[in-house]
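Reading the structure
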Amino acid sequence: MEESKRVPLAERMRPKTLDEVIGQEKLVGTNGTLRKIVEAREPVSLILWGPPGTGKTTLARIIASEMTADFIEISAVSAKKADVETVIERARQNWNLKIRTILFVDEIHRFNKAQQDAFLPHVESGLISLIGATTENPSFEVIAPLISRSRVIALEQLDHAAIAKIIERAIKLEKLEKKITEDAIETLTRLANGDARTALGALEVAAGLIKNRQKITSDTVEQAAGRKLPRYDKKGDGHYDTISAFIKSMRAGDDQAALYYLARMVAAGEDPKFIARRMVIFASEDVGLAGNGALNLATSAFIAIERVGMPEGGIILSHVVVALSRAKKSRESYDLWGRAQQLAEQFPDAPIPLHVRNAPTKLMQDLGYGKDYKWQAGFEHEKGYLPDEVPRD
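Read on for an overview of the structure. Remember, it's a predicted structure, so these values are computed and weren't measured experimentally. (Residues numbered from 1 in each chain as written. Predicted model: local features only at pLDDT ≥ 70, side-chain atom pairs only at ≥ 80, totals over all residues. Heavy atoms only, no water.)

Things to note about the pairing of strand 3 (residues 101-106)
Cut-off, in case you're wondering: Each residue is assigned to one of three classes by its accessible area relative to the maximum for its type, calculated with a 1.4 Å probe on protein chains only: buried under 20%, partly exposed between the two thresholds, exposed over 50%. Helix and strand definitions here come from DSSP, where helices need a minimum of 4 consecutive H or I residues and strands a minimum of 2 consecutive E residues; each element is numbered from the N-terminal end. Here a strand pair is declared whenever DSSP counts at least two bridges between the two strands. By the criterion used throughout, a crossover qualifies as right-handed when its path from the first strand across the helix to the second strand runs clockwise, the strands pointing away from the viewer.
Taken across its six residues, strand 3 has five buried, putting it largely inside the fold. In terms of strand pairing, strand 2 (residues 70-75) meets strand 3 through six bridges, oriented parallel. Bridge pairing in strand 3 links D70 to T101. Tracing the backbone out of strand 2, into helix 6 (residues 81-96) and back to the parallel element strand 3 gives a crossover that is right-handed. With five bridges joining them, strand 3 and strand 4 (residues 129-134) adopt parallel strand pairing. Following the sheet pairing, D106 is matched in strand 4 by A133.

This is the structure in structure tokens:
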């Protein structure tokens, strides 16, 4: 076996420059935060916060490479006190040689308060630039003094387009273009749930399962992954039928059915933000005035999904699904909005009544602008507020 083949595909696919990074354009693009940090070439400590497989380790290595720094990598899961002391001693030697030291701590949230405290004096003195990676909210898992001395960078979960692009690159690298079906690529993308390592790992195992002229199929990918994915074409009937059943179940107050369809969508790799968006719409369209807190709850769920990602995001989605299903329903505001749109289309240029127009000058007041209007809550003008030709229900 070639030496390169012994290195896992995910490692061989790891980007070497910011330009090669996929899925974090807001951070590494022309005006991206991380690109500006690299271009400034100034020592800075970072906390990289994001779901698994989004590129935290990769970005740390690229930053160190771009800054020609000595890159030291440890994991908070296995590192001992002696390991940290060895790192600090190496950093001191680098300091004397005018070499910058970047210490990358994977899963930094696994270090306790005392262990995190130990880095503070060395970060403050500039002996090391610390880059911590965490899948947990740093506000709760990283000590405040360390956060105050670092920049927290939030990485987004990779969307399906980003995962698909990464898979395409891997297929070219492994020369599998003629050995894999489109369905298999789609299954790999869905299976990943935003984690590039998962997708690449499944592709590598699947490639090892085929023989001679066989092709990697959807079944091969499922066999490689050790689980079977439901058939769910996000551009076909399965997608629309499932989301329709999901919405109708919530509308009917059947939380058990709604949760079942939610679970099917999540298992099939549906974009959780798509589901959350539909719930935000549902909160206003179907719950509406019967429960004004529903919109805040659904919107909070959307934000939380962006911050937490999957699979934990499933808990958040299920929470809101049950709440929306059990909430009282009212389509009054939705129906009123539809009626207002019809009137605006039918009477697009109806003159605004003079008595409800703004009257900032005496001339306008003399012409009847704002006549008899009183600035008080609930004031009902005898002439009403609609243009004369617009009918009132």
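Moving on from the model shown.
Description of the sheet that holds strand 1 (residues 46-49)
Cut-off, in case you're wondering: Think of each axis as a best-fit line through the C-alpha atoms, taken over the contacting stretch in the case of a helix, with angles from 0 to 180 degrees between the N-to-C directions.
Read across the open sheet, the five strands follow the order 2-3-4-1-5; overall the sheet is parallel. In this open sheet, the two edge strands, each paired with only one partner strand, are strand 2 and strand 5 (151-154). Sheet twist, expressed as the mean angle between neighbouring strand axes with direction ignored, is 20 degrees. Here four bridges tie strand 1 to strand 4, and the two strands are oriented parallel to one another.

Side note on a negative patch on the surface
Put simply, the rule is: Each patch is built from salt-bridge-free residues with over 30% relative accessible area, joining like charges within 9 Å and nonpolar side chains (Val, Leu, Ile, Met, Phe, Trp, Tyr) within 5 Å. Computed with the Shrake-Rupley method and a 1.4 Å probe, the accessible areas treat only the protein chains shown as cover for residues. Take a side-chain nitrogen of Lys or Arg and a carboxyl oxygen of Asp or Glu: if they are within 4 Å of each other, that pair is a salt bridge. Two residue types count as positive, namely Lys and Arg, and two as negative, namely Asp and Glu; His and chain ends fall outside the count. Here the site of a charge means atom NZ of a Lys, CZ of an Arg, CG of an Asp or CD of a Glu.
Side chains of E168, E182, D183 and E186 sit close together on the surface and give a patch of like negative charge. At three residues, the largest contribution of residues to the negative patch is made by helix 12 (residues 182-192). By the secondary structure assignment, E168 is in helix 11 (residues 160-173). The exposure class of E168 is partly exposed, given its relative accessible area of 44%.

Some thoughts on the packing of helix 11 against helix 13 (residues 196-209)
Describing two packed helices takes the angle between their axes plus the distance from one axis to the other. Put simply, the rule is: For any pair of crossing helices, the crossing counts as left-handed if the nearer helix is rotated counterclockwise from the farther one by less than a right angle, and right-handed if it is rotated clockwise. We call two residues in contact when some of their heavy atoms are within 4.5 Å. Following the grouping adopted for this structure description, the nonpolar residues are Ala, Val, Leu, Ile, Met, Phe, Trp, Tyr, Cys and Pro, the charged ones are Asp, Glu, Lys and Arg, and the polar ones are all others, Gly among them.
At a minimum axis separation of 10 Å, helix 11 and helix 13 run at an interaxial angle of 35 degrees. Helix-helix and strand crossings are classified by hand; for helix 11 and helix 13 the assignment is right-handed. Contact with helix 11, carried on its side by I163, I166, I167, A170 and I171, involves A196, A199, L200 and L203 of helix 13 and no other residues of that element. Here the contact of helix 11 with helix 13 is built from residues that sort into nine nonpolar, no polar and no charged.

Considering helix 13
How we decide: Expected span of a helix: the number of residues minus one, times 1.5 Å. In protein, a polar contact requires one atom able to donate a hydrogen and another able to accept it; more generally it is a pair of N or O atoms within 3.5 Å, and residues adjacent in sequence count only if both atoms are side-chain atoms.
The end-to-end C-alpha distance of helix 13, which contains 14 residues, comes to 20 Å, matching closely the 20 Å that a straight helix rising 1.5 Å per residue would cover. Packing partners of the buried residues in helix 13 comprise helix 2 (9-12), helix 11, helix 12 and helix 14 (218-225). Two to three positions downstream of the cap, the backbone nitrogen of R197 sits 2.9 Å from a side-chain oxygen, assigning the N-cap of helix 13 to D195.

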